[in-house]
Structures are given as C-alpha cells and as structure tokens.
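Spelled out, the chains give:
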Amino acid sequence: MSETEQKNRAGTMKWWQLSLFGVACTIGTGYFLGSGIAMEMGGGSVIFLFVLAAFCTYVVFDVLAKMTMEDPQQGSFRSYAKKAFGRWAGFSSGWVYWSSELLIMGSQLTALSLFTRFWFPSVPMWIFATCYAVLALGVILLGTKAFERTEHLFAVVKISAILMFLVIAALALFGFIKGGAYQPKFPTTMATFLPSGFLGSWSSFIFVFYAFGGIEIMGLMAMRLRQPEEVSKAGNVMIITLTCIYMASLVLALTLMPLHALQGKESPFQTALGSYHLPLVPHIFNAILIVAGFSTMVASMFAITTILVSLAQDRDAPALFSRTTKGKRKTPLPAIGFTTIGIAMAVVLALLLPESLYEYVTTAAGIMLLYNWFFILLTSGRLLELTAWGKIKRSAGIVLILLAVVGTAFHATSRPGFWISLLFIGLIGVVTLCMKLKWKKENKTGIPAFRPAGHSEKNRDREGAR
C-alpha cells in the first residue's frame, strides 16, 4: 500500500485510545466469572497459567499488528487469512468468528439478566435480555465514534473496579478490615495448588484464555488509528496492564479465601470479600459484572457486524449486508439487522435450553475463538518475514493454543464444549467445501471473483494459482 493510501485510510484514534478500547473489549465476564472456574479446577496453579496465556496473547497480537501495519484491511484477520491461503480461508475464518461471537453474546445476555435479577428477582429474564439487546443496538446505531467513547468509559469503570478490589483486599489482608471468616493464606500445598491434579490444571487453561479474549477486535479497530504503525504500542501497553492487574487481583483472591468457598456463578472476587461483612460490596460487584458483560457484548456485536460487512464485500456473504446508509455515518443496517436476528435466536436458546447444555455451547464458542487465534499465527507464517526469535514465539504460541484446546477433552466441565466446537468446525467446513465447488464453477464460466482493494498483481496471481 502506498504512503498516500495509508494516509487516506488512517483514522483519528490515538494509540492510547486503542489501548483503552482493548481493555474494555477484554475485561468481561470471562475474567470476573471465568477465573472462578479456572480456580476451582486449577487452584493456585492458575497464576502460572495466566502468565502463559498473557505471553500467547502478546504473540498473537504482535503478528496481527505487524500484518495490520503492512496492509490495513477492514476484515483484519480474515482478510489476511484469505490473502495467505485463498478464499476458503477467509470464508471459514470469518464465519467461525461470527458464529462463536454470536453464541457468546447470547450467553452474555443471559448472564446480564441473571445479574439484574439480583435486584429484581420477580421480573422475567426475557425482559432484561430484551432491554440489554436494545441498548446494545442503540450504541451500535449511534456510530463508531459513540461506540468508541462508550467503550472507553466502560474501560475506566472496569479498571477502577479491579483497583478497588485490590485496595479493599489489601486492607483486609493486612488486618485493617476485620471480620474475615478465613485465615489469609496463599494455596501452596499440593491439595490447593493442584486440587484436581495435573489434568485438572491443564483443563482449566481454556478458562484462563477466556480472560484475554477480545484482542482480535483491536485488529478490526486498528484501521481507525491516526498512525497505524503505533498499533503494536497500543497492544503491548494493553496486555502489560491487563496482566499486572489480573495477577495482583488473582493472588489476593486466592489468599483471602479457600478454594471450597468458591460459589458457582458468583465472582471469586466477590466471594473473597463476602465474609468481611461489607454491606455495599455485593451490590457494587453486581453492578460491575453488568457493566463488564454489557461492554464485551457491545464490542462483540460491533466486531461481528464488521466481519459480516467484510464477508459481504468479498462475496462470501449476501451482498445486501455490505450496504450502508447514506451520509457521513454510513451505518450497515442490513448487517446489523441480520446480527440482531441471530442474537434473538441465541437468547431464546439460552433461556429455553437446560442451563448446563447452553454452558457447553458457549464454552465451545470460546474454544472456537482460539481456533481463530491459531489461524492468525498460521497466517503470519505466510505473510510476514519473521526473525528467528519471531519464529520461536510463533511456534510457542501455536503450542500453547493447542495445549489449551486439547486440555478441554480431559475434564467433565469442558469436554462437551470441545466436542461441540468440533461439530461447529465440521459444519462450517462442509459449507466451505460446497462454496469451493461453487467458486470453481464460477471461475470456469468466467465470472470474476471479488478481490479487496489493495491486492497487488502478485497476490492475484497467488490466489489464481490456488
């Protein structure tokens, strides 16, 4: 891409704004609730697993940032997959991501409804789910700038919430707040460091990764950076910030409570402070959970709408979804409408299916996100000229993702999600195979395949060879 084209395509976002945006998209119920599941299964060993997951997150975002700097694309990772491996890769990558985020949004709406019933137990869940869905759509319809500002505000709220926990927990640990039911002690014995053995710790790895899910949305937003070359700085600052506050809060939570005190859907941070008889803490943390869930849900809605538009522009989805409204805002109403229908179906399934069954489906969706991360690393091997150290990092990232995915097959909590994720991948694979036959037929009849702007003749020749 020429210097002029890069200048024309650059946005108005500064690097620190993208970093703050990434924090908003990442800190959600996956951390506030998912970390509790990881603690139950992995005990004190989750601290080590969080370090590994943070490193893998850095590796994935590092290569995604490099590909973005070389060739900014609206479709981000799916556009790079297409460029590296051909149309089938962009098609399957986009639809795997769209499907996984759609399922996750359905579960987030259900979780938001459950949290809100903490204050209004007699109100049916579907009313809350509908209200949150309408609010999220309102944020998206207001445009990208309104979406950015909202996420920046949510990021500040969520970081402040974790810092608040750190302060209160530290005061309790050093005896300034009295009344704790448990003697503070970090789990160092084998029974508390590996409560379910090595396999239990290995299987909890997937839930540790959940806490970092959302970096791919930063790739989609990198197009709006004022200086695209600063995307790496934004990602590095975000990942370092998240890792520091994650590690500090996890160590304090594990120190203030025994593992048997963890309660299902309750946040481990809320449980850690629950015995100190702080009357406002349950309400504050419930509000935080709602903000966190709503923030990541809105970010997911924006991401899959963007991906759907990108798929439509590449003729990998109906062309209708690439249409936008006239004027400066250019809202993709058809794509948003299709996403809304999908969300409605996901919410209905979430409210009607047995709770355990839907948890398995959403766990599968999280595993599918890691499939996308895996493909980002594979794509980088084709499109980037990596140094020796870069190749080592990429290989280590691939190994960590495979370990997290395979580990889900060894525990009853995560095993069903593993098989369901393979079922989804299989279905999308069959559709992709059918589409490949259709594309081959189109090529024989002389129908030109759509190619995104910015492709060089070399890229066209490479895709034609495939």
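Everything below is about the structure printed above this text.
Everything quoted here is computed from the prediction, not taken from an experiment.

## Some points on the overall build of the protein chain
- A count of helices and strands for the protein chain gives 21 helices and 0 strands.
- Counting the 466 residues in the protein chain, one finds 56% classified as buried.
- In the protein chain, of all internal contacts separated by at least 6 residues, the share reaching a separation of at least 24 is 83%.
- Carbon and sulfur atoms provide 68% of the accessible area of the protein chain, an area that totals close to 20000 Å².

## Focus: a nonpolar patch on the surface
- Taken together, the side chains of Val167, Leu171, Leu173, Phe174 and Phe176 make up a nonpolar region of the molecular surface, amounting to roughly 520 Å² of accessible area.
- Mapped onto the elements, leucine 173 comes out in helix α9 (residues 144-173).
- Since its relative accessible area comes to 31%, leucine 173 is described here as partly exposed.

## Quick look at the pattern of salt bridges
- Tallied over the full model, the rule gives 7 salt bridges.
- A salt bridge links arginine 78 to aspartate 316, with the nearest nitrogen and oxygen atoms 3.3 Å apart. Note that arginine 78 is positioned in helix α6 (residues 77-85) and aspartate 316 in the loop between α16 (281-313) and α17 (333-352), a separation of 238 residues in sequence. Accessibility classification places arginine 78 together with aspartate 316 in one group, the buried group.
- Among the charged side chains, a network of salt bridges with common partners joins Arg78, Lys82, Arg87, Asp314 and Asp316.

## Side note on the packing of aromatic side chains
- Tallying each qualifying case throughout the model produces 27 aromatic pairs.
- Their ring planes at 90 degrees and their centres at 5.9 Å tell us that phenylalanine 154 and phenylalanine 294 sit as a pair that is edge-to-face. Linking phenylalanine 154 in helix α9 with phenylalanine 294 in helix α16, this pair joins segments that are 140 residues apart in sequence.
- A relative accessible area of 10% means that phenylalanine 294 is categorised as buried.
- On the numbers, 4.8 Å between centres and 35 degrees between planes, the contact of phenylalanine 321 with phenylalanine 338 is tilted. Highlighted residues: phenylalanine 321 in the loop between α16 and α17 and phenylalanine 338 in helix α17, separated in sequence by 17 residues.
- In this structure phenylalanine 321 comes out as buried when scored by relative accessible area, which is 10%.
- Residue class for phenylalanine 338 comes out partly exposed when judged on its relative accessible area of 30%.

## Brief notes about the nonpolar core
- Residues Phe50 and Phe165 are the most contacted members of the largest nonpolar core, which totals 152 residues.
- Element by element, the count of residues in this core is highest for α16, at 19 residues.

## Considering the packing of helix α7 (residues 87-116) against helix α20 (residues 415-444)
- Running from N to C, α7 and α20 cross one another at 145 degrees; their axes reach a closest spacing of 10 Å. Judged by the sense of rotation from one axis to the other, the crossing of α7 with α20 is right-handed. In this structure, α7 uses Arg87, Trp88, Phe91, Ser92, Trp95, Val96, Ser99 and Leu103 to contact α20, whose residues at the interface are Phe424, Ile425, Ile428, Val431, Thr432, Met435, Lys436, Trp439 and Glu442.
- Across the contact of α7 with α20, the residue classes break down as 11 nonpolar, 3 polar and 3 charged.

## As for unusual backbone geometry
- With a phi close to 60 degrees, arginine 315 is a non-glycine residue in the positive phi region.
- Its place among the elements puts arginine 315 in the loop between α16 and α17.
- Exposure remark for arginine 315: the relative accessible area of 32% places this residue in the partly exposed category.

## Brief notes about the side chain of threonine 57
- You can see threonine 57 is positioned in helix α5 (residues 46-70).
- What makes threonine 57 buried here is its relative accessible area of 1%.
- If near-sequence neighbours (up to four positions away) are discounted, threonine 57 is found in contact with Phe212, Ile215, Ile239 and Trp373.

## A closer look at the environment of threonine 243
- Note that threonine 243 resides in helix α14 (residues 231-256).
- With relative accessibility at 18%, the residue threonine 243 sits in the buried group.
- When near neighbours in sequence (up to four residues on either side) are disregarded, threonine 243 contacts Ala54 and Phe212.

## Here we look at helix α8 (residues 125-141)
- Across its 17 residues, α8 extends 24 Å between first and last C-alpha, which sits within 8% of the 24 Å expected from 1.5 Å per residue.
- Three or more residues of α8 are buried, namely Met125, Phe128, Ala129, Tyr132, Ala133, Ala136, Leu137, Val139 and Ile140. Mapping the buried residues of α8 onto a view down its axis gives an arc of 165 degrees, with all of them on the same face. Among the exposed residues of α8, those pointing more than 90 degrees away from its buried face are Val134 and Leu135.
- Phi for glycine 143, located one or two positions after α8, is positive at around 110 degrees.

## Remarks on α9
- Here α9 spans 43 Å end to end across 30 residues, near enough to the 44 Å set by a 1.5 Å rise per residue.
- Trailing α9 by a residue or two, glycine 175 shows a phi angle of about 85 degrees, which is positive.

What counts and how
Residues numbered from 1 in each chain as written. Predicted model: local features only at pLDDT ≥ 70, side-chain atom pairs only at ≥ 80, totals over all residues. Heavy atoms only, no water. Helix = DSSP H or I, 4+ residues; strand = E, 2+ residues; numbered from the N terminus. Buried < 20%, exposed > 50% of the residue type's maximum accessible area, 1.4 Å probe, protein only. Contact = heavy atoms within 4.5 Å. Areas by Shrake-Rupley, 256 points an atom, 1.4 Å probe, with all protein chains shown as cover. Patch = residues over 30% accessible without salt bridge, like charges linked within 9 Å, V, L, I, M, F, W, Y side chains within 5 Å. Salt bridge = Lys/Arg side-chain N within 4 Å of Asp/Glu carboxyl O. Phe/Tyr/Trp six-rings, centres within 6.5 Å; stacked < 30°, edge-to-face > 60°. Core = buried A, V, L, I, M, F, W, Y, C linked by side-chain atoms within 4.5 Å. Axes fitted to C-alpha atoms, helices over the stretch in contact; angles between N-to-C directions. Left-handed = near helix turned anticlockwise from the far one by under 90°. Nonpolar A, V, L, I, M, F, W, Y, C, P; charged D, E, K, R; others polar. Expected span 1.5 Å × (residues − 1). Arc of directions from axis to C-beta.

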